[in-house]
Amino acid sequence: MSLEQQGLLLVWGMLVGLDLASVPQAMIARPLVAGVVAGAILGDVGTGLRLGVVFELLQHDILHLGAVRYPEYGPATVAGVSVAHAATGALGIGFGAVVGLFTGLLGGVSLHALRRLNTRAVQRASDALEAGDAATLVRLHVTSLARDAARAAFVTAVGLLLAAGVRGFLVGTLSVRGAMVVAAAATGAAIAAGAAGTLRLVGGRATLGWFAAGLLGGAAGAWLK
Amino acid sequence: MKPPLGRTLLRLFTVQGSWNYERMQGVGVGVAEEPLLRDLAVSRSAAAYRAAVARAAHFFNAHPYLCGMAVGAAARAEHDGTPPDQVERLRTALCGPLGSLGDRLVWAGWLPLNSGLALVGVSLGLGWWTVVGFLALYNAGHVALRWWALRAGWARGMRVAEALRQPVLQRAAAVVGPGMALAMGAALPLAAGYLGGPFPGWARALVAGVAGVGLVLLRLPRLGVTGLRFGLGVVAMALVVGWAWR
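What counts and how
Residues numbered from 1 in each chain as written. Chains lettered and ligands numbered in written order. Predicted model: local features only at pLDDT ≥ 70, side-chain atom pairs only at ≥ 80, totals over all residues. Helix = DSSP H or I, 4+ residues; strand = E, 2+ residues; numbered from the N terminus. Contact = placed C-beta atoms within 7 Å. Buried ≥ 20, exposed ≤ 12 C-beta atoms within 10 Å, placed from the backbone. Axes fitted to C-alpha atoms, helices over the stretch in contact; angles between N-to-C directions. Parallel < 35°, antiparallel > 145°, perpendicular 65-115°, else oblique. Left-handed = near helix turned anticlockwise from the far one by under 90°. Nonpolar A, V, L, I, M, F, W, Y, C, P; charged D, E, K, R; others polar. Domains from an automatic or database assignment. Arc of directions from axis to C-beta. Core = buried A, V, L, I, M, F, W, Y, C linked by C-beta atoms within 7 Å.

Considering the overall build of chain B
- Within chain B, the secondary structure is distributed over 10 helices and 0 strands.
- Taken from the N to the C terminus, the helices and strands of chain B come in the order α-α-α-α-α-α-α-α-α-α.
- Taking the principal axes of the C-alpha coordinates as reference, chain B spans close to 80 × 35 × 30 Å.
- Considering only contacts within chain B whose residues lie at least 6 apart along the sequence, 72% involve residues at least 24 apart.

Listed below in structure tokens is the structure:
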């Protein structure tokens with residue numbers, strides 16, 4: 001992977017991290033989108049799509065309700081794709097998941113830290129805010145946005161470093177069979193998270209009927225394919 | 001579109017940029033509302049403008065796509081000369097309904113519906129075009145909702161509750177729920193087939209086993225297992241097994 005590609009992945013991861021909550025919430029932070037673009041940067045859209053599906057399913061376990069704390073899978077997918085790309089085909093999914101899950105955990109922790117920093121900044125500026133000082137208000141907001149950009153870049157950078165470590169240490173050390181065990185386990189975990197998250201959303205009996213109809217249709221489609 | 005309304009709409013896209021545990025979205029809401037309040041400095045006084053800006057930045061928390069309704073309504077109320085305590089009460093009263101409506105309509109409906117459709121598309125081999133379609137369709141709804149919410153609030157002011165009772169909102173909520181269930185129902189087996197397809201038989205059995213155990217654990221809330229924790233645990237165990245099995 002070239003230095004330019006790593007730089008592009010870092011910028012993309014930062015944009016993805018910003019999109020999650022700060023700006024513009026257009027869902028480029030969704031793992032499917034983050035993964036495809038990361039794959040395109042590396043010239044491997046197929047791996048980006050495959051790892052994107054894994055983390056998209058994991059994302060369904062999360063509901064962004066209120067002030068709830070959750071892992072951040074956008075930059076995690078970007079870092080995951082950078083390592084999955086180094087292994088052949090489906091085997092890379094396991095390596096990508098190892099990197100992505102740890103990066104997702106770090107992303108969640110960093111979001112909590114960011115919000116605490118924002119809280120302190122608001123407390124410091126509370127007199128000016130109560131006086132209706134619009135310049136302070138806008139400055140506070142822009143500074144917080146910059147802080148989130150720095151946070152997202154940091155999370156992506158750590159993820160990319162972790163990916164470089166996994167590429168150097170794990171890929172090639174595990175046998176093909178061993179790599180397949182990791183890939184299969186990560187895939188199973190993603191399917192479980194996607195199914196559990198969906199079942200949480202599908203509440204009433206009427207919606208459950210639609211879910212069952214979709215499940216039958218999807219199963220038939222998968223079988224025919 | 002009036003320039004201040006356009007500026008407010010643009011600023012609303014950053015409404016959660018300064019989210020914090022004290023005022024939550026308050027600072028972002030204040031930043032978004034400020035362009036609509038500038039006229040107050042001319043039509044009334046600089047003090048009235050500053051007092052309105054200070055109120056706009058107080059505690060607020062709702063769904064980010066629907067914040068515009070509170071922003072527009074509060075700004076209109078300030079222009080109409082509504083007493084400050086009533087403006088504050090309006091903002092407080094809107095937090096709950098706008099939060100629950102947005103969560104139901106977007107986070108639990110429109111977003112998983114579009115995500116499910118995208119998963120179906122990718123699993124059926126439509127490739128990256130699916131992702132382009134996902135972004136286009138999702139954001140058509142997203143931007144329309146933000147714009148509608150801001151305009152509805154700005155047009156109605158203190159009578160903004162009328163907008164929340166609009167039949168189109170109730171119909172949308174009634175449609176996206178079943179749509180989401182159908183799309184996600186179809187997406188799960190298709191995505192499982194797409195991801196599991198390249199594996200040999202024994203690995204597919206492992207995928208099914210892990211998925212089954214995981215589903216049971218994740219459906220038992222008392223255990224406190226989350227997708228992330230389960231994923232990390234399973235991958236750690238798989239690394240050990242994979243290391244030993246040469």
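Read on, since the account is not over.
Notes on the overall build of chain A
- The secondary structure content of chain A amounts to 9 helices and 0 strands.
- Along chain A, from the amino end to the carboxyl end, the secondary structure elements read α-α-α-α-α-α-α-α-α.
- A principal-axis box enclosing the C-alpha atoms of chain A has dimensions of 65 × 50 × 25 Å.
- Counting only residues that meet the buried cut, chain A has 59% of its 225 residues in that class.
- Pairs at least 24 residues apart make up 73% of the contacts formed inside chain A by residues separated by at least 6 positions.

What to know about the packing of helix α5 (residues 91–124) of chain A against helix α8 (residues 176–201) of chain A
Residues and elements named next belong to chain A.
- Direction vectors running N to C along α5 and α8 enclose 60 degrees, while the axes themselves pass 7 Å from each other. What the angle tells us is that α5 and α8 run oblique. The way α5 lies across α8 gives a crossing that is left-handed. Where α5 abuts α8, its residues L91, I93, G94, A97 and V98 lie against V176, A179, M180, V182, A183, A186 and T187.
- Of the residues belonging to the contact of α5 with α8, the class tally is 10 nonpolar, 2 polar and no charged.

Focus on the packing of α5 of chain A against helix α7 (residues 134–169) of chain A
Residue and element names in this part refer to chain A.
- At a closest axis distance of 9 Å, the pairing of α5 and α7 adopts a crossing angle of 155 degrees. The angle between α5 and α7 falls in the class roughly antiparallel. With respect to the hand of their crossing, α5 and α7 are arranged in right-handed fashion.

Points about the interface of chain A and chain B
- Between chain A and chain B, the contact holds 89 residues from the first and 84 residues from the second.
- Of all the secondary-structure elements, those providing two or more residues to the side of chain A that touches chain B are α2 (31–41), α3 (45–59), α5, α6 (126–130), α7, α8 and α9 (205–224) of chain A.
- Tallying contributions element by element places α8 of chain A first for the side of chain A that touches chain B, with 21 residues.
- The residue makeup of the side of chain A that touches chain B, split by class, is 56 nonpolar, 23 polar and 10 charged.

With respect to the domain arrangement of chain B
- Parsing chain B into structural domains produces domain 1 (3–198) and domain 2 (199–246).
- One C-alpha centre belongs to domain 1 of chain B, the other to domain 2 of chain B, and the line joining them spans 37 Å.

Here we look at helix α1 (residues 3–12) of chain B
Residues and elements named next belong to chain B.
- Within the span of α1, buried status applies to T8, L9, R11 and L12. Summarising the axial view, the buried residues of α1 lie within an arc of 165 degrees, below the 170-degree limit, and thus occupy one face. Away from its buried face, by an angle of more than 90 degrees, α1 presents the exposed residues P3, G6 and L10.
- Tucked inside the fold, the buried residues of α1 contact α2 (26–43), α4 (67–79) and α6 (128–156).

Observations regarding the nonpolar core
- Ranked by internal contacts, the top residues of the largest apolar core, which has 161 residues, are V54 and A185 of chain A together with A70 of chain B.
- Here this core spans two domains, since at least three of its residues come from each of domain 1 (3–198) and domain 2 (199–246) of chain B.
- Setting aside residues no more than four positions away along its own chain, V54 of chain A makes contact with I93, A97, A186, T187 and A190 of chain A together with L195 of chain B.

Some thoughts on unusual backbone geometry
Residue and element names in this part refer to chain A.
- Put simply, V23 and P24 share a cis peptide bond, and its omega is -5 degrees.
- Structurally, P24 can be placed in the loop between α1 (3–21) and α2.
- The phi angle at Q25 is positive, at roughly 55 degrees, despite the residue not being glycine.
- Assignment of secondary structure puts Q25 in the loop between α1 and α2.

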